[in-house]
Amino acid sequence: MLRLVVTLRSSSVEAQLVSVEQPTRSMGTAQLTRDIITLKGSAAIVSEFFCYAVNSILFQRGIYPAENFARVKKYGLTMLICEDERVKTFINTVTKQMADWLETGSLERVVLVVASIASGEVLERWSFNIETDKEVTEKGIAREKPDKEIMTDIQGVMRQITSSVTFLPHLEEPCTFDLLVYTPPDSKVPPLWGESDARLINNPQVVKLRSVDTKVHRVDAMVAYKFDG
Amino acid sequence: MYEVSGGDYECSTISLTLEISTNIGASSQFVCGVFGVSGIGGVGVASDVNVIISDREIFSLQTGISKKQKVDCNHDAPHATGEAETSFPGYISGRKQDEVGAAFRHCCGNNTDVITFKKAPSAVKSDVLTSLDSREKDVEELQSMLHTLEEVYKASEEERKRLKKRIDVLEQNLSAANEREKTWHRQRLQESDKTQELIRTHIARCDHLEELLQEQMRKCAEAESKVQALEARALTAEEAAETESENALREIRRCQDELNKLQDDREYMVSKLDAEVEMEKKRVVGAKAEAERLQSELDKMKGSMDKNLDKLKQEHQLLDLEIRNNALQTTGLTEADLIIKHLREELSQSEQEIREARKLKRFHTNVEILKEQLASEKLRGDRAEAALTNLADMESKVKDQEIELSAWKELLVKIPGAETRDGVLLKIGELQREVVASVAKIGEAKAEVAKLQSALHLAKRAKDESEALANAAQEELVEAALNLKRAERKITLVTKERDGLKEILASYDEEEVVIASHQKKNQTSGLADLSTPTRSKDLRIKQLEAALADVQQHAKLLGEEVERGNSALSEQRQRSENLALELAKEQERIKLVEREADQLRAEVSMLESKIGRGESNPAATKVLHMLINPEAMARGDNEVQALRAKLELHERQSDGCREEYSNADSRSDSNSVEMLKQRVSALEKREVRYRQVFGNKIAVFREACGLIFGYKVQMNEEQDSSTGSTVTLFTLRSIYSGSEDEQIQFQFKAGNLEMIANEYTSSPEIQRQVITFLRNFKSIPAFIANLTMELFNKTTLG
């Protein structure tokens, strides 16, 4: 006899990833655990991933001093979160808005721009291209993917962000950052938001990073940086 | 029964056993007496004659003789001791044995002609002798006959043995051939089964491949339909591009007109600027000239004023001294009063002069202002010049811009469907959309390529397998052909053997016929029944022939099967060739698809690099960010700091400016021109006076110099014809010179004093001095002193 247990994930931004139980078999009955991912749940996972990824980049690239960061256990890793109130508020606001856009499938790309404070020149561009499953957004159907696999994807990207310090050029001048969001031209511009230029780098070096796939949203990460050599 | 045996003697011994049964004892006795052969008892009806030749073949003849007699004889070895079974002491020689054989045969054959030797020997002695002679003759004849018959019999026996041997060998061969044929047949059957199975599998594979091919064809047809659709789209796009290019041309024309207008405006502006610059230049030149004139005047007035002041001071001092002297001398009061009055007047005059001098000082300050104005004018002039250079730069830039514009226009012309800049952007957007579509197509093509590759792989594998099978089948065919050839060869050999055997059998038949006829002739014994072996032989031959016919039939069947297999193989080969051709076509198609895939991959990499750079289609996406972001905050902080610094700097600068402004205000005089005019007139008067005073002084100075140095010096100014500059000439004439022509001329030019050659200086006397002092030592004073001394010596001493 096969009994099916389905766990549905909440849509809150603070969605926690729980390790998935392996299918167990005992006394002639098999219990199978599957993870169904809804659009809301995926949006929550992806926006949370952005939050942690941005914080990680800010720490690894030394945009803010190390003493401004606090350690948090997440995705089976020790993540660093910026405790500067202004930065925290900014990132939280942006990720909330992103979650809304992700739910409507109107978020195409998120770019973290690292620029020099003095000259305003863009030195690094951390790009996260998002592909949304149209079927899910239009018909509202759910997809299946174990949490463990998603967590492994996110861990991979986080590890790559951490290791990117080895190949990215040292930022010699004080830098700051901005988050750019690519949306369709007909999407509404929320209050306190405005249009920006793409902040491109001339003749950059591009390194493709891993992807995070929730089966609803697929996030392809890459970093482009200014290369003078 | 007679037995002739000799088997125990060496290899060449012949044992001959003759068993003859006879009823007639007397005849046997007679034979024994004559031939020395003992008769052994035993009476029988039938007689068996067994002749053992060597140890192999036994040819037995059954006769009706029942009496058995055994004769042992040694044919080839007369020296042998022998183990004679008879009591007869001697041995029968080879010839004798034949004779004995013949006699026996004769006896056997002539059973009825028994002679009794016991009838009254004395009475019928002559008859007996004659009869004996005749009998002896008969016996001889019979012996000779027997001999010949025996020879014939021997030969026939040997022939029979040989034939038997050959028959055995042939039988063995035949049985072996039969076995071989059976095995071969079995093998053929197995092979045919295998080939049939292979053919079946081949056919199944061929069907599968055909299905695949049909699928490929279907896909090709789909791809072609897609291509057609794309071509139709491309045509529509081209039409759209044409219309857009027309629009672009119109826009370009409009742009050209605008450009022409702009060029005209620019030219007009340039000419205007040139005129202004010219005016400014002229003004600058005038201002410069005026400034120079004023400067020179000012310098002169300064000099004269300083001198006047010195003079006045001196006078003042002198007056003071005089007053003091007067006071000391205490001369008359009236004179003193007069002097005092005079002095007061002079004092008042001097005060007036001092006031004038002050005025002049103010005028000087005004001159400073004018100088500043001049400087500002100069700056303006410089600016104008800079503007001119800028204008040139601008012109060059404008040219560059025009070139660039033309390049852009060319580009616009080249880009179909892009009339304006916005059109270019739209075009780029379209291209990006197309790129996205192409990326999707690439994906599809890639998938198709992957499918085709997998199909190709399968087809290749099938082809390899079929080729391997075809090769195996071919090999099998070759083997079968070889086997067939071998079998045919065998068949021919067997037929040949059969024919040979038939011939031999025919010869046997003939021999038998001969023997039968011979037997018929003899008709003495019951040995006529020889038909049984011949019958068996015939039967066996027939059996063998039947088996041979079966084998031949089998061979034929196998040959047919082989032919069938060959035809199937040829069909398969043809099919495999067709498949190979199709495979080659598919490979070509795959190559084409791979090439397309490479192109698409290159495009994909290009697009990926674009994506990597972060480029996006502005028409399809909108880039948003929070207005209050960390960058803006950081930059705002930075700007605030910079602005503060700037403000401080400006404040400091404004303070300095205020001070300067106040100074400038104090200097400014509205009635400066009038004042200056007055001052100028006063200064002119003073200048005249100063000139007079200085002229007198100069005259004194020159006279004193002439008297002290012994030369009268005249100074003249001349214009240099080559450079146009003024040259000061000094003409020196010694007071000791004899005539007016003896004078030396010097030219003062740019701080250098050079002597000008004339008749006097080029005279040998002076020339020597010139060389000594001027050329060698470059000393004018020494030359002058020496010349003075020379002239002095000439006029006073000489």
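Now for a quick tour of the structure. As the structure is a prediction and not an experimental result, all values here were calculated from the model.

Turning our eyes to something else, we now look at the overall build of chain B. Tallying secondary structure elements over chain B gives 10 helices and eight strands in all. By residue count, 28% of the 798 residues in chain B fall in the buried class. Total accessible area on chain B stands at roughly 53,300 Å², and carbon and sulfur atoms take up 55% of it.

The next thing to look at is the overall build of chain A. A count of helices and strands for chain A gives four helices and 12 strands. When each of the 229 residues of chain A is scored for burial, the buried share is 52%. Considering only contacts in chain A between residues 6 or more positions apart, those separated by 24 or more positions represent 75%. Total accessible area on chain A is roughly 11,300 Å²; 50% of this is exposed by carbon and sulfur atoms.

A few words on the interface of chain B and chain A. Each partner contributes to the interface: chain B provides 24 residues, whereas chain A provides 39 residues. Interface of chain B and chain A: buried area, both sides summed, is about 2,900 Å²; carbon and sulfur atoms make up 60% of it. Considering only the side of chain B, the residues that lose the most area to chain A are Lys622, Leu624 and Met626 of chain B, jointly responsible for 26% of the buried surface there. Applying the counting criterion to the chain B and chain A interface returns two salt bridges. One salt bridge in this structure joins Asp637 of chain B and Arg86 of chain A, with 3.9 Å as the shortest N-O distance. Inspection of the region where chain B meets chain A yields 14 residue pairs in polar contact (both at pLDDT 80 or more). Of all the secondary-structure elements, those providing two or more residues to the side of chain B that touches chain A are α6 (531-613), β4 (622-626) and α7 (630-667) of chain B. Of the residues that constitute the side of chain B that touches chain A, the class distribution is 11 nonpolar, seven polar and six charged.

Further remarks concern a nonpolar patch on the surface. Among the surface-exposed residues, Leu192 of chain A together with Leu627 and Ile628 of chain B lie close enough to one another that they form a single nonpolar patch of about 310 Å² accessible area. Its place among the elements puts Leu192 of chain A in the loop between β9 (175-183) and β10 (193-195). For Leu192 of chain A, a relative accessible area of 53% translates into the label exposed.

Another point: the sheet that holds strand β6 (residues 726-734) of chain B. Residue and element names in this part refer to chain B. Ordered by their spatial adjacency, four strands build an open sheet running β5-β6-β7-β8, and the pairing between neighbours is antiparallel. Two strands in the sheet have a free side with no partner beyond their single neighbour: β5 (711-719) and β8 (752-756). When strand polarity is set aside, the average angle formed by the axes of neighbouring strands in this sheet is 25 degrees. Sheet topology places β6 next to strand β7 (residues 743-749); six bridges connect them, and they run antiparallel. Bridging from a neighbouring strand, Thr731 pairs with Gln745 of β7. Against the sheet, helix α10 (residues 780-797) makes contact with β5, β6, β7 and β8, and its axis sits at roughly 170 degrees relative to β7, the strand it touches most.

Glancing now at the sheet that holds β4 of chain B. Strands sit in the order β10(A)-β4(B)-β9(A)-β6(A)-β7(A)-β12(A)-β11(A) across an open sheet of seven strands; the sheet is antiparallel. Single-partner strands in this sheet number two, and they are β10 and β11 (204-213) of chain A. When the angles between neighbouring strand axes are averaged without regard to direction, this sheet yields 25 degrees. The strands touched by helix α4 (residues 147-163) of chain A are β7 (122-132), β11 and β12 (217-226) of chain A; relative to β11 of chain A, the strand with the most contacts, the crossing angle is about 160 degrees.

Moving on, we come to a negative patch on the surface. Residues Asp133, Glu136, Glu140 and Glu141 of chain B make up a contiguous surface patch of negative charge. Turning to its location among the elements, Glu140 of chain B is positioned in helix α3 (residues 125-329).

The next thing to look at is the pairing of strand β5 (residues 77-82) of chain A. The two faces of a sheet get side chains in turn, since along a regular strand they alternate between them. Taking burial as the measure, the six residues of β5 of chain A include five buried ones, the bulk of the element. What sits between the antiparallel neighbours strand β4 (residues 69-74) of chain A and β5 of chain A is a turn of two residues, in which Tyr75 of chain A has the positive phi angle 50 degrees.

Attention now goes to the nonpolar core. Residue and element names in this part refer to chain A. Grouped together as the largest cluster of nonpolar side chains are 60 residues, with contacts concentrated most on Phe49, Phe50, Trp126, Phe128, Met158 and Phe177. Per-element accounting of this core gives the leading share, 12 residues, to helix α1 (residues 39-60). Leaving out residues up to four positions away in the same chain, Trp126 has contacts with Ile57, Arg61, Val110, Val111, Leu112, Val114, Ile161, Ser164, Leu168, Leu209, Met222 and Val223.

Here we come to the pattern of salt bridges. Residue and element names in this part refer to chain A. Per the stated rule, a full pass over the model turns up 34 salt bridges over all chains. Close ionic contact of Asp153 with Lys145 constitutes a salt bridge, the shortest N to O distance being 3.2 Å. In this structure, a network of salt bridges that share partners links the residues Asp133, Glu135, Lys139 and Arg143.

Residue and element names in this part refer to chain B. Summarising the sheet, β5 and β6 pair through nine bridges and their orientation is antiparallel. Bridge pairing links Asn716 to Leu729 in β6. Here β5 folds back onto β6, and the loop between the two strands holds six residues, one of which, Gly724, carries a positive phi near 85 degrees.

Here is what the cut-offs are and how they apply
Residues numbered from 1 in each chain as written. Chains lettered and ligands numbered in written order. Predicted model: local features only at pLDDT ≥ 70, side-chain atom pairs only at ≥ 80, totals over all residues. Heavy atoms only, no water. Helix = DSSP H or I, 4+ residues; strand = E, 2+ residues; numbered from the N terminus. Buried < 20%, exposed > 50% of the residue type's maximum accessible area, 1.4 Å probe, protein only. Areas by Shrake-Rupley, 256 points an atom, 1.4 Å probe, with all protein chains shown as cover. Contact = heavy atoms within 4.5 Å. Buried area = accessible area lost by both parts, 1.4 Å probe. Salt bridge = Lys/Arg side-chain N within 4 Å of Asp/Glu carboxyl O. Polar contact = N/O pair within 3.5 Å; in protein donor to acceptor, adjacent residues only side chain to side chain. Nonpolar A, V, L, I, M, F, W, Y, C, P; charged D, E, K, R; others polar. Patch = residues over 30% accessible without salt bridge, like charges linked within 9 Å, V, L, I, M, F, W, Y side chains within 5 Å. Pairing = 2+ DSSP bridges. Axes fitted to C-alpha atoms, helices over the stretch in contact; angles between N-to-C directions. Lys, Arg positive; Asp, Glu negative; His and termini not counted. Charge placed at Lys NZ, Arg CZ, Asp CG, Glu CD. Core = buried A, V, L, I, M, F, W, Y, C linked by side-chain atoms within 4.5 Å.

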